[in-house]
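Structural characterization, general
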Amino acid sequence: MRVLITGGAGFLGSHLCEHLLGKGHTVVCMDNLVTGSLDNIRHLFGGNRFFFVKQDVTQFIHYPGKIDAVMHFASPASPVDYLKIPIPTLKVGSLGTHKTLGLAKEKKAIFMIASTSEVYGDPLINPQHEKYWGNVNPVGPRGVYDEAKRFAEAMTMAYHRVHNIPVRILRIFNTYGPRMRLHDGRAVPNFITQALNNKPITVYGDGSQTRSLCYVDDLIRGIYKLLLSNINEPVNIGNPEEITLLELAQTVKALTQSRSRIVFKSLPVDDPKVRCPDITLAKKLLKWQPQIGLKQGLSKTIPYFRKALDK
Ligand code: UDP
């Protein structure tokens, strides 16, 4: 296949480019480098199956030749970024989804939208299954991401119904691994960076809120299976191993043998209290489930941060 990936120079996008190249596909990586970086994809150049285009995907997209799949992964993904660049976050999820759907229609390609567990907002049920409609504050600071992704899902289904485009709606839960930015602002990069520097580890609130963390390699395997499937409805991909943020801080501290103290800071507005994927559907339809536990995944991630900090 010849696959166009938006956000291909980002954390997930770059792992996806690498995976698809490894499976023998040709990859067109599109990114405006706002939160992505060429450092993530430098090693992929050199063959004749990897192409990079610097483009803002909220503008009209033209790309010559056949494209078999369009995967729309461009978006800021850290709550810190939603606060800094709320309008680009809204635009890439809404206008960017419209443009990439237009491209998929033109090329008669499969379309995949990287959606999110944030469509469930601050969920009133736990774990979250795909039929749950969510509990989102549209006007809160996180609403720019959540509502853009909800719009993106609605637009994707509309193109599926009206134009008969094969679509894949991937609901990604918290994912971590190498190539997250040092100053990304999310819990895993913050905790590891703080622990390696023996600086205070900042737990927001009392640390009783939960998340369920998936190692990037597991997620990418799931994404690839979903792409090759024929499932047009949303599918959760994530690791249901649920822990509190305080437990995460303690685990990172232990694994890095850090002298850091754990300190408590105020909780961001609308911070979800719980989050855990129900992956019954992925298990049944994709025969997928995560294989890498939290300690194992963190042990694969910490050396990347150690190296990046040394630089
Ligand atoms: N968090 C924290 N300390 C940090 C960064 C984040 O305690 O330095 C908390 C945050 O309040 C949330 C959880 O960690 O409850 C996960 O936050 P993250 O930004 O990683 O992603 P989210 O799941 O909220 O989108």
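What comes next is a walk through the structure. The structure displayed is predicted, hence computed values, not measured ones. Starting from 1, residues in each chain are numbered consecutively following that chain's sequence as written. For a predicted model such as this one, the threshold for reporting local features is a pLDDT of at least 70, and the threshold for listing and counting side-chain atom pairs is 80 or more; totals across whole chains, interfaces and linings nevertheless cover every residue. Excluding hydrogens and water, the side-chain values take into account all heavy atoms of the structure.

The next point concerns the packing of aromatic side chains. When two rings of Phe, Tyr or Trp (its six-membered ring) have centres within 6.5 Å they constitute a pair, described as stacked for plane angles under 30 degrees, edge-to-face for angles over 60, and tilted for the intermediate range. This structure, assessed with the given rule, holds 6 aromatic pairs. Judged by centre distance (5.0 Å) and plane angle (75°), the ring pair of Phe45 and Phe50 falls under edge-to-face. Exposure categories follow from relative accessible area, calculated using a 1.4 Å probe and restricted to protein chains: below 20% of the type maximum is buried, above 50% is exposed, and the middle band is partly exposed. Residue Phe50 is classed as buried on the basis of its relative accessible area, which comes to 6%. Geometrically, the ring pair formed by Tyr82 and Tyr145 is stacked, given 4.5 Å between the ring centres and 10° between the ring planes. Here Tyr82 is found in helix α2 (residues 79-84), whereas its partner Tyr145 is found in helix α4 (residues 143-163), with 63 residues between them in sequence. In this structure, Tyr82 and Tyr145 share a single accessibility class: buried. Taken together, the ring pairs connect Tyr120, Tyr132 and Phe173 into an aromatic cluster. Per the convention used, a helix needs a DSSP run of H or I reaching at least four residues, while a strand needs a run of E reaching at least two, with both numbered from the N terminus.

The next subject is the pattern of salt bridges. Put simply, a salt bridge is a Lys or Arg side-chain nitrogen that is within 4 Å of an Asp or Glu carboxyl oxygen. Under the criterion given, the structure shown has 14 salt bridges. One salt bridge connects Arg275 with Glu118, and the closest N-O pair in it is separated by 2.4 Å. On the criterion of sequence distance, the pair formed by Arg275 in the loop between β13 (262-265) and α8 (280-286) and Glu118 in the loop between β5 (110-116) and α4 is long-range, its members being 157 residues apart. No difference in accessibility class separates Arg275 from Glu118, as the two residues are buried. One salt bridge connects Arg186 with Asp184, and the closest N-O pair in it is separated by 2.7 Å. Taking the relative accessible area as the measure of exposure, Arg186 reaches 21% and is therefore partly exposed. Salt bridges linked by common partners bring Glu118, Arg142, Arg211, Asp271 and Arg275 together as one network.

Time to look at helix α5 (residues 187-196). It helps to recall that an α-helix has 3.6 residues per turn; residues three or four apart then point in one direction. With 9 of its 10 residues buried, α5 lies for the most part within the structure. Turning to α5, its buried residues are Val188, Pro189, Asn190, Phe191, Ile192, Thr193, Gln194, Ala195 and Leu196. Residues of α5 that are buried in the fold lie against β7 (175-176), β8 (201-204), α7 (245-255) and α9 (294-310). The contact definition used throughout considers only heavy atoms, calling two residues in contact when any of these lie within 4.5 Å.

Look at the link from Asn126 to Pro127: it is a cis peptide, with omega at -5°. Tracing the sequence through the fold places Pro127 in the loop between β5 and α4. One non-glycine residue with positive phi stands out, namely Lys287, at about 55°. For Lys287, a relative accessible area of 64% translates into the label exposed.

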